[in-house]
Amino acid sequence: MIPNPIATVVPASGPDFPQDRWYVAGFSWELSGKPLARTLLGQPLVLFRTADGGVAALEDRCCHRALPLSLGTLESGGLRCGYHGLLFGADGRCLEIPGQAKVPGKALVKAFVLRERDHILWLWHGSDSHIVPDREPPAYPHHDSGQYCFGGDVYHYAAPWQLIHDNLLDLSHLGYVHLRTIGGNAHIHMNAQMHVSGDEQSVRVVRHMLDSEPPPTYCDAYPFKGRIDRWQEIEFQPSHLCIWTGAVDAGSEPIDTADRGGFHLRGFHGVTPETKETCHYFWTQATNPVAAPEENLRRVLEQTRLTFDEDKQVIEAQYRNLLRFGERSMVDIHVDAGANRARRIIAGLLASQA
Amino acid sequence: MIPNPIATVVPASGPDFPQDRWYVAGFSWELSGKPLARTLLGQPLVLFRTADGGVAALEDRCCHRALPLSLGTLESGGLRCGYHGLLFGADGRCLEIPGQAKVPGKALVKAFVLRERDHILWLWHGSDSHIVPDREPPAYPHHDSGQYCFGGDVYHYAAPWQLIHDNLLDLSHLGYVHLRTIGGNAHIHMNAQMHVSGDEQSVRVVRHMLDSEPPPTYCDAYPFKGRIDRWQEIEFQPSHLCIWTGAVDAGSEPIDTADRGGFHLRGFHGVTPETKETCHYFWTQATNPVAAPEENLRRVLEQTRLTFDEDKQVIEAQYRNLLRFGERSMVDIHVDAGANRARRIIAGLLASQA
Amino acid sequence: MIPNPIATVVPASGPDFPQDRWYVAGFSWELSGKPLARTLLGQPLVLFRTADGGVAALEDRCCHRALPLSLGTLESGGLRCGYHGLLFGADGRCLEIPGQAKVPGKALVKAFVLRERDHILWLWHGSDSHIVPDREPPAYPHHDSGQYCFGGDVYHYAAPWQLIHDNLLDLSHLGYVHLRTIGGNAHIHMNAQMHVSGDEQSVRVVRHMLDSEPPPTYCDAYPFKGRIDRWQEIEFQPSHLCIWTGAVDAGSEPIDTADRGGFHLRGFHGVTPETKETCHYFWTQATNPVAAPEENLRRVLEQTRLTFDEDKQVIEAQYRNLLRFGERSMVDIHVDAGANRARRIIAGLLASQA
């Protein structure tokens, strides 16, 4: 077991991740005619779409001889194992054992609660006393609002989930890591006014960079006249972050109101532990191109991928180094305020359920 | 140490594999002018053919500085190490230390008993009190009988040997795993009459599938007129399985006698542990083509390889899943009778030598 | 922790490598405009050239969030981290935190003593009481004497450093491992007169092979008339070996004086542990071609690489086998005298600092 190397107060025992909440399990478009194997929160699962269009998640292990059910095939009745043909329904119950008249009651696999909302698949991660969810999964209206067009992808990280939180809550790294795309001038980034707020379950970081040079991705996507007034609004919750960034022509209008114009990038960032040492990163980027939406979205997504590839390289190298050097003190700097707050929230949640 | 995840009564200590018996080490055609490195039953060995045409097996470690002897070269006098040139005979004794007049008595490597019979290399795995074999290796006359032509191959498995026993003793999986080759109709397979018998050292499983559709491999190899009467006879011993399958035109003659006609496939399946977690699978397939024997054998072997590749994928995925989920109960179904009996035989042998 | 499988008296605790001495860290030509990541003696380091042409070595870990500094960029002021832009000087002190007025005193990374001499980079590996070196790094005048032309390379070994010492101190393996290049007749090698001498810090092995066949590399590089008188002089110190080999036409002049003529190969062999199980091998080969020096050097280096690739294959296979078989006794032979003496020196140094 590799301890989370940055967090300070992780209880040695107890659940590894905050419970009684929804985590992102994937995107709607990932469930086609084939079952999907994905380990989430330490649980190897098979996700699939049922004949009636619903979604289902089962433990990825046939109860007969333990073959991953994700190697099986989808039928109208359910998911059939690829070894001896046992058929399972969305509730995990075995419906048929080929060649055997009676299906014993113990022939079943564990089922999990999976919901689909706004193109996002959400998995309920409940404690023993909350196996059934007590609320709906979070809404994310921007995928379907008609105001934006969007696309996204799923990245696998050989690094713990909180290193991605750190990265997303401190966008000052843009000036050093992402010069080719969304970065822009490093000095401007590091000196931007930053306001950090939040409560026991969330963090909000707002940064304004007035009268700055537009970075390459922005220029490609929007007809800015010259310098820009730029905002970054990051909202962290343990299961996902929403990052609304954008810009208007410098001095043309205020940027601290929700109805501001200009170029918008709305990022959805679901970060779900695979194990304590690895995670999945589910992201979409929604934008409001003024013209040629398909071509503009394609370019924004291409540059987002470049950007997120750079982050992945940095974060995985950081994690390898954390493992290599072991637990050592770290020096905090001014930009860490938001990330540290998020770490305290996770640590508090883990402590409360220990 | 990874416990055998299916077996129930494996003693914690004691030898890992049944002793005082012959295991398959390879095939005759594998020993040409070069030494062959192969780990068998936890022992890293070098196998080679001596100048007089015999076969030999030594510990794969020079007694001087531990280089694998399998990196050396074969000479008329024996096997010469590729680092400093020490020469070893088939009995493991060092015959020459270049540049040194005297060869000390302690300069030797461990030698093992290797025999060649019917194109199969057999290694004696003796207990301390039976270092010397007390019987000949098993005969397998079908390689040389003139009645069949045969070919085969060696597969390495990242899975324990007993998972291959399970697979071979329950051919009902043909209908789900091997649809493209020898499978045929899944329903027929799962509902075939199965007769399981045996004694303390062997298991015999016989299944008849009357009036069934011939699978692709059968049609390619034999001029069946239409539907077929098909048999599967599996004989398990701890070191190897002999599987005699075949078919005649439906209703044309009885299939429960040894002199039945039609299409025959005689499979030899040597399964030898490499380690507790990995194994070697040595197989041959012998067949009786009515015409164009070379072309027919080539096709049968090609389809056998496809089939065994499918098995390997399933079994290795099964083992990874067994490791991932750890020890958990399994639900038995009707087709497991033969495999469970074989597991009880191995468990009994291990218990008796603990 | 994998014990050194050959050494006899390695103390269980205490430093892993002899302290208070210089080890080779690289070659001058490796430090260009980019930082170089290299783990030496268990320490992950970043090596770089400063704006004033000096050389520096820092711990490869930013004190802020642990990103490897080797992923950063070199500036005139120092090395800038590739995540949040902290700038570090050659002494490890943080000179700038972008966007933050004050740099706290604890913002620093560990600095190491690195020196450059005769194209070789030397790292001081001091004990707690000798953090500062008390002597200059070793001289190696043959790189710059004008008498030779030279080239070299850096190899990474998945094997402990002492296995390379063993290999270099016993050149009798040439006749078995390097037949294609510098080997020549195995019988001559194994029967060469060998004289081993030394003191508490060094070993000297001298071998003469009179009236022998010139090996391929020698013939390519020098116009020998026929048979040759050949010498091999190996000088071992814990951090590096100097191997002076060469030959004259058989009977033409004595070969036991330093001003002998003929063909010379002067090898520099820096062997520096990366970890206890792996090491770096820094080598140069200097030679005195009679004509076409560039073409001759190119050929000598090409054949040296072939030779050292063969050694690497043998040594890494040897180490894998040592791990596979665990600690077992070894049989010494006559050629081991020099290597065993070197092992006793290292063991003595480790014991004295335990």
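For clarity, every value in this text was computed on a predicted model and none was experimentally measured.

Colleague: Please provide a residue-by-residue account of the overall build of chain A, values included.
Modeller: Counting its regular elements, chain A contains six helices and 18 strands. The C-alpha radius of gyration of chain A comes to 22 Å, within 12% of the 20 Å expected for a compact globule of 354 residues. Counting only C-alpha atoms, chain A reaches 75 × 50 × 35 Å along its principal axes. The buried share among the 354 residues of chain A stands at 59%.

Colleague: Go over the environment of Ile-131 of chain B, please, and point to the residues and values.
Modeller: All names here are of chain B. With respect to the element layout, Ile-131 can be found in the loop between strand 11 (120–125) and strand 12 (149–157). Residue Ile-131 is classed as exposed on the basis of its relative accessible area, which comes to 60%. Residues Ile-131 and Gly-92, spaced 39 residues apart in sequence, show a C-alpha to C-alpha distance of 15 Å. If we skip the residues at most four places from it in the chain, Ile-131 touches Val-113 and Trp-124.

Colleague: Provide a residue-level description of the pattern of salt bridges, including the pertinent values.
Modeller: This model, assessed by the stated rule, comprises 63 salt bridges over all chains. The partner of Arg-49 of chain B in a salt bridge is Glu-116 of chain B, and the shortest N-O contact between them spans 2.9 Å. On the criterion of sequence distance, the pair formed by Arg-49 of chain B in strand 3 (residues 43–49) and Glu-116 of chain B in strand 10 (residues 114–117) is long-range, its members being 67 residues apart. Assessed through its relative accessible area of 22%, Arg-49 of chain B is described here as partly exposed. One salt bridge connects Arg-38 of chain C with Glu-30 of chain C, and the closest N-O pair in it is separated by 2.6 Å. Each member of the pair, Arg-38 of chain C together with Glu-30 of chain C, is buried. Several salt bridges converge on common partners, so that one network encompasses Arg-204, Glu-233, Glu-235 and Arg-260 of chain A.

Colleague: Go over the relation of the copies chain B and chain C with me, naming the residues and quoting the values.
Modeller: Laying chain B over chain C is done by rotating through 120° and shifting 0.0 Å along the axis; what remains is an RMSD of 0.1 Å. Interpreted geometrically, this transformation is the action of a three-fold axis.

Colleague: Before we move on, could you go through the side chain of His-143 of chain A and cite the residues and values that matter?
Modeller: Relative to the elements of secondary structure, His-143 of chain A occurs in the loop between strand 11 (120–125) and strand 12 (149–157). Look past the residues within four positions of His-143 of chain A in its chain and what remains in contact with it is Asp-118, His-119, Ile-120, Phe-150 and Thr-284 of chain A.

Colleague: Explain the interface of chain B and chain C residue by residue, including any values.
Modeller: Listed as interface residues are 25 residues of chain B and, on the opposing side, 27 residues of chain C. Both sides together, the interface formed by chain B and chain C hides about 2300 Å², and carbon and sulfur atoms give 57% of it. Applying the counting criterion to the chain B and chain C interface returns four salt bridges. Note that Asp-60 of chain B is salt-bridged to Arg-324 of chain C, the shortest N-O span being 3.7 Å. On the surface where chain B and chain C come into contact, there are 14 residue pairs in polar contact (both at pLDDT 80 or more). The residue inventory of the side of chain B that touches chain C, partitioned by class, reads 12 nonpolar, seven polar and six charged.

Colleague: Talk me through helix 6 (residues 337–352) of chain C; I want residue IDs and the actual numbers.
Modeller: The α-helix advances 3.6 residues per turn, and as a result positions three or four apart in sequence lie on the same side. All names here are of chain C. Under the 1.5 Å per step criterion, the end-to-end length of helix 6 is 23 Å for 16 residues, consistent within 8% with the ideal 22 Å. All buried positions along helix 6 are accounted for by Gly-338, Ala-339, Asn-340, Ala-342, Arg-343, Ile-345, Ile-346, Ala-347, Leu-349 and Leu-350. Residues of helix 6 that are buried in the fold lie against strand 1 (21–27), helix 1 (161–169), strand 13 (193–198), strand 14 (203–212) and strand 15 (228–237).

Colleague: Before we move on, could you go through the domain arrangement of chain A and cite the residues and values that matter?
Modeller: Interfaces are often described in size by the accessible area the parts lose on coming together. Residues and elements named next belong to chain A. Here the domain parsing of chain A yields domain 1 (21–130) and domain 2 (141–352). Computed over C-alpha atoms only, the centres of domain 1 and domain 2 are separated by 33 Å. In this complex, domain 1 contributes 18 residues to the contact, which on the side of domain 2 involves 23 residues. Both sides together, the interface formed by domain 1 and domain 2 hides about 1500 Å², and carbon and sulfur atoms give 67% of it. Looking only at domain 1, the three residues that lose the most surface to domain 2 are Arg-21, Val-24 and Phe-27, adding up to 31% of its buried area. Linking domain 1 to domain 2 there are zero salt bridges. Our count for the contact surface shared by domain 1 and domain 2 stands at eight residue pairs in polar contact (both at pLDDT 80 or more).

Colleague: So what's going on with the packing of helix 1 (residues 161–169) of chain A against helix 6 (residues 337–352) of chain A? Which residues, and what values?
Modeller: Residue and element names in this part refer to chain A. The N-to-C vectors of helix 1 and helix 6 enclose an angle of 145°; their axes lie 8 Å apart at closest approach. Between helix 1 and helix 6 lies a crossing whose hand is right-handed. For the pair helix 1 and helix 6, the contacting residues are Trp-161, Gln-162, Leu-163, His-165, Asp-166 and Leu-169 in the first and Gly-338, Ala-339, Ala-342, Arg-343 and Ile-346 in the second. Residue composition of the contact of helix 1 with helix 6, grouped by class: six nonpolar, three polar and two charged.

Colleague: Residues and numbers for the pairing of strand 14 (residues 203–212) of chain A, please.
Modeller: Residues and elements named next belong to chain A. Both strand 13 (residues 193–198) and strand 14 contribute to a ladder of six bridges, which runs antiparallel. Looking across to strand 14, one finds that His-195 is bridged to Val-206. In sequence, strand 13 turns back onto strand 14 through a hairpin of four residues. As paired strands, strand 14 and strand 15 (residues 228–237) are joined by eight bridges and run antiparallel to one another. When the sheet's bridge partners are listed, Met-209 is paired in strand 15 with Arg-230.

Colleague: Talk me through the sheet that holds strand 16 (residues 240–249) of chain C; I want residue IDs and the actual numbers.
Modeller: Residues and elements named next belong to chain C. On the basis of which strands lie adjacent, the open sheet formed by seven strands has the order 12-18-17-16-15-14-13 and antiparallel pairing. Sheet topology places strand 12 (149–157) and strand 13 at the edges, where each strand pairs with a single neighbour. Within this sheet the neighbouring strands show an average axis-to-axis angle of 15°, counted without direction. In this structure, strand 17 (residues 263–273) lies alongside strand 18 (residues 279–287), joined through nine bridges in antiparallel fashion. Residue pairing across strands places Leu-265 opposite Thr-287, the latter belonging to strand 18. Seen against the sheet, helix 5 (residues 293–325) touches strand 12, strand 17 and strand 18 and runs at an angle of roughly 20° to strand 12. Packed onto the sheet, helix 6 meets strand 13, strand 14 and strand 15 and runs at close to 15° relative to strand 13.

Colleague: Run through the UniProt feature "domain: Rieske" (unreviewed entry) in chain A, naming residues and quoting values.
Modeller: The positions UniProt marks with the feature "domain: Rieske" (unreviewed entry) are residues 22–123 of chain A. Note that residues 22–123 of chain A is 0% helix and 43% strand, and that its end C-alpha atoms are spaced 5 Å apart.

Colleague: Account for the interface of chain A and chain C, naming residues and giving values.
Modeller: Counting residues at the interface gives 27 residues for chain A, matched by 25 residues for chain C. Of the roughly 2300 Å² buried between chain A and chain C, counting both surfaces, carbon and sulfur atoms make up 57%. Put simply, chain A and chain C have four salt bridges between them. The partner of Arg-328 of chain A in a salt bridge is Glu-59 of chain C, and the shortest N-O contact between them spans 2.5 Å. For the pair chain A and chain C, the interface holds 14 residue pairs in polar contact (both at pLDDT 80 or more). At the level of elements, helix 2 (174–177), helix 3 (186–191) and helix 5 (293–325) of chain A are the ones that each hand at least two residues to the side of chain A that touches chain C. In terms of residue count, helix 5 of chain A provides more of the side of chain A that touches chain C than any other element does, eight residues in total. Of the residues in the side of chain A that touches chain C, the class split is 13 nonpolar, nine polar and five charged.

Colleague: Could you give an account of the packing of aromatic side chains, naming the residues involved and the relevant values?
Modeller: The tally for this structure, following the rule as stated, stands at 48 aromatic pairs over all chains. Between Trp-29 of chain C and Phe-150 of chain C the ring centres are 6.4 Å apart and the planes differ by 50°, which places this aromatic pair in the tilted class. Of the two residues, Trp-29 of chain C sits in the loop between strand 1 and strand 2 (36–40) while Phe-150 of chain C sits in strand 12, which places them 121 residues apart along the sequence. Of the aromatic side chains, those joined through ring pairs into one cluster are Tyr-155, Tyr-157, Tyr-281, Trp-283 and Phe-308 of chain A. The lysine or arginine in question, Arg-260 of chain C, covers the ring of Trp-244 of chain C, its NZ or CZ lying 4.2 Å from the ring centre.

Colleague: Can you tell me about unusual backbone geometry, naming the residues and giving the values?
Modeller: One non-glycine residue, Asp-20 of chain B, lies in the positive phi region at around 60°. The topology assignment puts Asp-20 of chain B in the segment before strand 1 (21–27). Phi at Asp-118 of chain C takes a positive value of approximately 55°, unusual for a residue other than glycine. You can see Asp-118 of chain C is positioned in the loop between strand 10 (114–117) and strand 11 (120–125).

Analysis parameters
Residues numbered from 1 in each chain as written. Chains lettered and ligands numbered in written order. Predicted model: local features only at pLDDT ≥ 70, side-chain atom pairs only at ≥ 80, totals over all residues. Heavy atoms only, no water. Helix = DSSP H or I, 4+ residues; strand = E, 2+ residues; numbered from the N terminus. Rg over C-alpha atoms; globule rule 2.2 N^0.38 Å. Buried < 20%, exposed > 50% of the residue type's maximum accessible area, 1.4 Å probe, protein only. Contact = heavy atoms within 4.5 Å. Salt bridge = Lys/Arg side-chain N within 4 Å of Asp/Glu carboxyl O. Least-squares fit on C-alpha atoms with pLDDT ≥ 70 in both. Buried area = accessible area lost by both parts, 1.4 Å probe. Polar contact = N/O pair within 3.5 Å; in protein donor to acceptor, adjacent residues only side chain to side chain. Nonpolar A, V, L, I, M, F, W, Y, C, P; charged D, E, K, R; others polar. Expected span 1.5 Å × (residues − 1). Domains from an automatic or database assignment. Axes fitted to C-alpha atoms, helices over the stretch in contact; angles between N-to-C directions. Left-handed = near helix turned anticlockwise from the far one by under 90°. Pairing = 2+ DSSP bridges. UniProt positions renumbered as here; feature names shortened; annotations may be inferred. Phe/Tyr/Trp six-rings, centres within 6.5 Å; stacked < 30°, edge-to-face > 60°. Lys NZ or Arg CZ within 6 Å of the ring centre and 35° of its normal.

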